[in-house]
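Chain residues, written in single-letter form:
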Amino acid sequence: MSSRPGSFDELDRKIVTALMANARTSFAEIGAGIGLSATAVKRRVDRLRETGVITGFTATVRPSALGWRTEAYVEVYCEGAAPPRRLAEVVRNHPEITAAMTVTGGADALLHVRARDVEHFEEVLERIRVEPFIRKTISVMVLSHLIPDSPEAGASHPAPDEAPARAVDLR
């Protein structure tokens, strides 16, 4: 998957822009808007997929419709230097983590977490914190999205049906 320099022209840019606005737009509709046939648009889209410019097509869904009503960003601080691949292994075990990245600054990583409610978020945070190399976390709850049509405002998968069982000592 390698693209040659200069292989992404203005028509490709218009096609990508149209697909980003609505991935269900037909090749015929895109072609009519930019002066190409549907076949020519399809050939370009196929090339853009082969070269890795277009990595997939997705639906943006209102998170609350899928059961995600609470959202937060969690800064993760590690003991020593935790390798990114180890952090990646940890976040893959938590379906509530919808995005994760290593970052510059004081924190080692930033996690985007979605949960059913605050109690569920707290349970997720507790599961993250038990990792032996995690020293501390700092969480920031999202109140509202100022750009509601941004990808960050959408969700890509449903909330888990059940949170893992938690032992509660009532003594």
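Residues numbered from 1 in each chain as written. Predicted model: local features only at pLDDT ≥ 70, side-chain atom pairs only at ≥ 80, totals over all residues. Heavy atoms only, no water.

A. Examining the sheet that holds strand 1 (residues 70–78) more closely. Taken in spatial order, the four strands of this open sheet run 2-3-1-4, and their pairing is antiparallel. If you trace the sheet from one side to the other, it starts and ends with strand 2 (97–102) and strand 4 (134–141), each paired once. Sheet twist, expressed as the average angle between the axes of neighbouring strands with direction ignored, equals 20 degrees. In this sheet, strand 3 (residues 109–115) lies alongside strand 2 in antiparallel orientation, the contact comprising five bridges. Residue pairing in the sheet places Thr102 in a bridge with Ala109 of strand 3. (Pairing = 2+ DSSP bridges. Helix = DSSP H or I, 4+ residues; strand = E, 2+ residues; numbered from the N terminus. Axes fitted to C-alpha atoms, helices over the stretch in contact; angles between N-to-C directions.)

B. Here's a closer look at the side chain of Asp12. Along the chain, Asp12 turns up in helix 1 (residues 10–21). Owing to a relative accessible area of 0%, Asp12 belongs among the buried residues under this scheme. Among residues more than four places away in sequence, those in contact with Asp12 are Ser7, Arg44, Arg47 and Leu48. (Buried < 20%, exposed > 50% of the residue type's maximum accessible area, 1.4 Å probe, protein only. Contact = heavy atoms within 4.5 Å.)

C. Main features of the pairing of strand 3. Across the seven residues of strand 3, six count as buried, placing the element largely inside the fold. Of the pairings in the sheet, the one linking strand 1 to strand 3 comprises seven bridges and is antiparallel in character. Paired with Glu71 across the strands is Arg114, a residue of strand 3. Hairpin connection from strand 2 to strand 3: six residues lie between these consecutive antiparallel strands, with Gly105 at a positive phi of about 100 degrees.

D. Structural context of the packing of aromatic side chains. Summed over all chains, the structure comprises zero aromatic pairs. Over the ring of Tyr77 we find Lys136, and its NZ or CZ is 4.7 Å from the ring centre. (Phe/Tyr/Trp six-rings, centres within 6.5 Å; stacked < 30°, edge-to-face > 60°. Lys NZ or Arg CZ within 6 Å of the ring centre and 35° of its normal.)

E. How the structure looks around the environment of Thr25. Mapped onto the elements of the fold, Thr25 is located in the loop between helix 1 and helix 2 (27–34). Between the C-alpha atom of Thr25 and that of Ile15, which follows or precedes it by 10 residues, the distance is 10.0 Å. Not counting chain neighbours up to four residues away, the residues in contact with Thr25 comprise Ala18, Leu19 and Ile30. Among the polar contacts listed, one links the side chain of Thr25 to the backbone oxygen of Asn22, at a separation of 2.8 Å. (Polar contact = N/O pair within 3.5 Å; in protein donor to acceptor, adjacent residues only side chain to side chain.)

F. Molecular detail of the nonpolar core. Of all hydrophobic cores here, the largest spans 19 residues; its most connected members are Val74, Val76, Leu111, Val113, Phe121 and Phe133. Breaking this core down by element, the ones donating at least two residues are strand 1, helix 4 (84–92), strand 3 and helix 5 (118–129). One finds Ile15, Val16, Val45 and Leu48 within the second-largest nonpolar core, a separate group that totals nine residues. (Core = buried A, V, L, I, M, F, W, Y, C linked by side-chain atoms within 4.5 Å.)

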